[in-house]
Amino acid sequence: MQSLGNESELAVKKDQQYLWHNITPYSEKNPPMIAAAASGSWVTDIGGNKFLDGMSGLWCVNVGYGRKELAEAAYHQLLSLPYFPLTQSHMPAIALAEKLNAWLEGDYVIFFSNSGSEANEAAFKIARQYQQQIGQHYRHKFIARYRGYHGSSLGALSATGQAQRKYKYEPLSGGFLHVAPPDSYRRPAGMSVEEFNLQSAQAIEDTMIWEGVETVAAVIMEPVITGGGVIVPHQVYLDRVQEICRKHGVLLIIDEVICGFGRSGRKFGHQNYGVKPDIITMAKGLTSAYLPLSATAVRKDIYDAFKDNSDEYGYFRHVNTFGGNPAACALALRNLEILEQENLVERAGILGKRLTAEWAGLLDHKLVGDIRSFGLIIGIELVADKATKQPAELAVVKGIIAECKAKGLIIGKNGDTVAGFNNVLTIAPPLSSTDEDIQFIAGTLKAVLNGSWAE
Ligand SMILES: Cc1ncc(COP(=O)(O)O)c(C=O)c1O
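Residues numbered from 1 in each chain as written. Predicted model: local features only at pLDDT ≥ 70, side-chain atom pairs only at ≥ 80, totals over all residues. Heavy atoms only, no water.

In the annotation of an unreviewed UniProt entry, the protein is listed under the name Aminotransferase and assigned to Paenibacillus jilunlii.

Shown next as structure tokens:
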């Protein structure tokens, strides 16, 4: 590692004086990495040190850094029409909505916002209003899962099932309920994965019944819990959840903020399970995070309940000034074209399999309890004791991450989720990572775990 020069030291000082960081404790001793440039899967800091970004930023730079085509798409659009509100319309939003509908395999109408949180807020409001407009006046509650994350705004945080992100901000919005996720690694002894997943789905129906089915508007879930610890359900879980929702007139909202845009090896995560959600929310990989943009895709027949509605308040009274900015939409379209042209959706699946095959031997490591993957999302659950599955200490998890960083590899963990269970290493590099990048990720993590952590 190069030492910080005078210029870098000054930047760190100013950073600490003026900048308030996302979900990071304040510490003068622990200065932030200040990124200066990036290309492909690699980021260079202001000191000239290079790191492979094994987390694609925050699971979002799907096509990798330094794509000139994306900058050009935004540049040309900014010159011709930098802004127009979506109270009316513009061509980049129309073209992107059409494209997203095709990626979703049809029948959806798209509402644009800027972030995943906002996409979920729109979904909650649409679900409640829809239920009212079809005469289901009591349906206002949402069921989500513990360990799932749905955003930072008060409604999306209410849907979030991660207590450590809520402390000191409560009370949040009412009407959000949580059930346990299908964490198959920690299923009761003697129970099969399939049985356990069916039991986990049943918890959703039980909650609906105990709450009064006529009070439940929607269920929200990611196809796979990502930031909460990479919890991958069995096929029977999503089949059963969809069946329960349909049986009880409850909408199924699928949060594709991380799993979408090829990350899972399919265009959207839920397509791996063959379910057809009523509402789908997406952000991050939509623009590969080059510009802010998110979307709430709503099944056409739900949208129809808002169209030409004779009720004075029958339309969706929700406005988002920046949502669907023309430059962001033009860039997103180009981003989707790159994903298609370079077969990055398929590549995510191939690279995910390659990494998990490289790491299969780590299951013999004393700290590695479980390795889970969903396309190019990989979670390695660290434990202090393999027999009891007692989670590894946070200091161990942080130590491994720090040692990877010292060797030039950025990986993540499920941070600030549930007390005592922040023990899953996460790896989600750009889908465009080269074969050499993947070898570097595989080899670096193996070298770290098999070094002093193996003793
Ligand atoms: C699954 C999921 N949903 C929603 C969000 C919120 O997205 P944003 O940070 O863009 O508001 C995130 C962010 O990490 C997420 O991982």
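Draft legend 1. A look at the overall build of the protein. Summing up its helical and strand segments, the protein has 13 helices and 16 strands in all. In terms of overall size, the protein behaves like a compact globule, its C-alpha atoms giving a radius of gyration of 22 Å where 455 residues would be expected to give roughly 23 Å. By its C-alpha atoms, the protein is 65 × 65 × 40 Å across when sized along the principal axes. Within the protein, buried positions represent 53% of all 455 residues. Here the contacts in the protein between residues at least 6 apart in sequence split such that 72% fall between residues at least 24 apart. Summing over all exposed atoms, the protein offers an accessible surface of approximately 20,100 Å²; the carbon and sulfur share of this is 55%. (Helix = DSSP H or I, 4+ residues; strand = E, 2+ residues; numbered from the N terminus. Rg over C-alpha atoms; globule rule 2.2 N^0.38 Å. Buried < 20%, exposed > 50% of the residue type's maximum accessible area, 1.4 Å probe, protein only. Contact = heavy atoms within 4.5 Å. Areas by Shrake-Rupley, 256 points an atom, 1.4 Å probe, with all protein chains shown as cover.)

Draft legend 2. Seen up close, the site of the ligand. Every residue near the ligand is listed here: Ser-115, Gly-116, Ser-117, Asn-120, Tyr-149, His-150, Gly-151, Glu-222, Asp-255, Val-257, Ile-258 and Lys-284. Within the contact set of the ligand, an oxygen atom lies 2.6 Å away from a side-chain nitrogen or oxygen of Ser-117. In this structure, an oxygen atom belonging to the ligand sits 2.9 Å away from a side-chain N or O atom of Lys-284. When the free accessible area of the ligand is taken as 390 Å², the share hidden by the protein chains comes to 81%. Considering every element that reaches the shell around the ligand, the biggest residue donor is helix α5 (residues 116-133), with three residues. (Near = heavy atom within 4 Å. Polar contact = N/O pair within 3.5 Å; in protein donor to acceptor, adjacent residues only side chain to side chain.)

Draft legend 3. Seen up close, empty space enclosed by the protein. Evaluated as defined, the whole model comprises one cavity of 30 Å³ or more. Approximately 40 Å³ is the volume found for the largest cavity. Together, Gln-242, Cys-245, Arg-246, Leu-252, Lys-276, Pro-277 and Asp-278 line the largest cavity. Considering only residue class, the lining of the largest cavity consists of three nonpolar, one polar and three charged. (1 Å grid on protein atoms, 1.4 Å probe; cavity = no way out; pocket = protein on both sides within 12 Å on 5 of 7 lines; lining within 4 Å. Points joined across faces, edges and corners; volume = space filled by probe spheres on them. Nonpolar A, V, L, I, M, F, W, Y, C, P; charged D, E, K, R; others polar.)

Draft legend 4. Region of interest: the sheet that holds strand β2 (residues 42-45). One open sheet accounts for four strands, arranged β1-β2-β3-β14; its pairing is mixed. Both edges of this open sheet fall to β1 (35-39) and β14 (409-410), since each of them pairs with a single strand only. Pairing of β2 with strand β3 (residues 50-53) involves three bridges; the strand directions are antiparallel. Within β3, the position partnered with Val-43 by the bridge is Phe-51. (Pairing = 2+ DSSP bridges.)

Draft legend 5. Structural context of the pairing of strand β5 (residues 141-145). Burial analysis of β5 places five of its five residues in the buried class, the great majority of the element. Side chains Lys-141, Ile-143 and Arg-145 project from β5 onto one buried face, and the interleaved Phe-142 and Ala-144 project onto a second face that is buried too. Bridge analysis of β5 against strand β7 (residues 216-221) gives three bridges, and the strand direction is parallel. Each residue of the ladder has a partner; that of Ile-143, found in β7, is Val-219. Inspection of the sheet shows β5 paired to strand β6 (residues 176-179) by four bridges, in the parallel sense. Considered in β6, the bridge of Ala-144 is made with His-178.

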